[in-house]
Amino acid sequence: MTERATFGITALRYAGAHIVEAMMGLVDAAHARWDVLPAPTRVNEVVDHLVEGDTVITLFPDEDGGWAPGPEVKVDVLAEGVETLALAEESPGRRLHDLPRF
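Residues numbered from 1 in each chain as written. Predicted model: local features only at pLDDT ≥ 70, side-chain atom pairs only at ≥ 80, totals over all residues. Heavy atoms only, no water.

Undergrad: Just to check I follow, could you spell out the overall build of the chain for this structure?
TA: Within the chain, the secondary structure is distributed over one helix and six strands. Taken from the N to the C terminus, the helices and strands of the chain come in the order β-β-β-α-β-β-β. Its C-alpha atoms give the chain a radius of gyration of 13 Å, near enough to 13 Å, the size a compact globule of 102 residues would have. Counting only C-alpha atoms and orienting by the principal axes, one finds that the chain spans roughly 40 × 40 × 25 Å. (Helix = DSSP H or I, 4+ residues; strand = E, 2+ residues; numbered from the N terminus. Rg over C-alpha atoms; globule rule 2.2 N^0.38 Å.)

Undergrad: Explanation requested: the nonpolar core in the structure shown.
TA: Nonpolar side chains in soluble globular proteins generally cluster together in the buried interior. Residues Ile-9, Leu-12, Val-46, Val-56, Val-73, Leu-85 and Leu-96 are the most contacted members of the largest nonpolar core, which totals 17 residues. At the level of elements, strand 1 (6-15), strand 2 (18-28), helix 1 (43-51), strand 4 (55-61) and strand 6 (83-87) are the ones that each hand at least two residues to this core. No other element matches the four residues that helix 1 contributes to this core. Beyond its immediate sequence surroundings of up to four residues, Val-46 is in contact with Ile-9, Ala-22, Met-24, Thr-41, Val-56 and Leu-85. (Core = buried A, V, L, I, M, F, W, Y, C linked by side-chain atoms within 4.5 Å. Buried < 20%, exposed > 50% of the residue type's maximum accessible area, 1.4 Å probe, protein only. Contact = heavy atoms within 4.5 Å.)

Undergrad: Looking at this model, I keep getting lost on the packing of aromatic side chains. Mind explaining?
TA: The description of two aromatic rings rests on the distance between their centres and on the angle between their planes. Going through the model one piece at a time under the given rule, you end up with zero aromatic pairs. The aromatic ring of Tyr-14 is capped on one face by Arg-101, whose charged end is 4.1 Å from the ring centroid. (Phe/Tyr/Trp six-rings, centres within 6.5 Å; stacked < 30°, edge-to-face > 60°. Lys NZ or Arg CZ within 6 Å of the ring centre and 35° of its normal.)

Undergrad: How do you make sense of the sheet that holds strand 3 (residues 33-42) when you look at a structure like this?
TA: The strands that make up a sheet pair up through hydrogen bonds in the backbone, lying either parallel or antiparallel. If you trace the six strands from one edge of the open sheet to the other, you get 3-2-1-4-5-6, paired in mixed fashion. Looking at the sheet topology across the chains shown, the edges are occupied by strand 3 and strand 6. Averaged over neighbouring strand pairs, the angle between their axes works out to 40 degrees when direction is ignored. Bridge analysis of strand 2 against strand 3 gives seven bridges, and the strand direction is antiparallel. Note on strand 3: the bridge partner recorded for Met-24 is Ala-39. Strands in contact with helix 1 are strand 1, strand 2, strand 3, strand 4, strand 5 (67-77) and strand 6; relative to strand 3, the strand with the most contacts, it is inclined by about 130 degrees. (Pairing = 2+ DSSP bridges. Axes fitted to C-alpha atoms, helices over the stretch in contact; angles between N-to-C directions.)

Set out below in structure tokens:
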């Protein structure tokens, strides 16, 4: 059985209304730290990780200067057939639009 990776997204880059990049890193969930620090990642690469079965979560800044886990990310397809990112569930303050921009 293959163990799936968990990635965290801390910020997004937009071109108009579309997400084009995510600041994404590899999370060591067992130790609550980064295995690989976040770096700019094209949205199609994030989609590839999701399609391959990896977990991608949002990470929101907390009051202590760290990161608080948010909802999981999923693939969404826009009306024009473009793949983008969405959240499995949204709540106030924990939407994709609430993530910092870079």
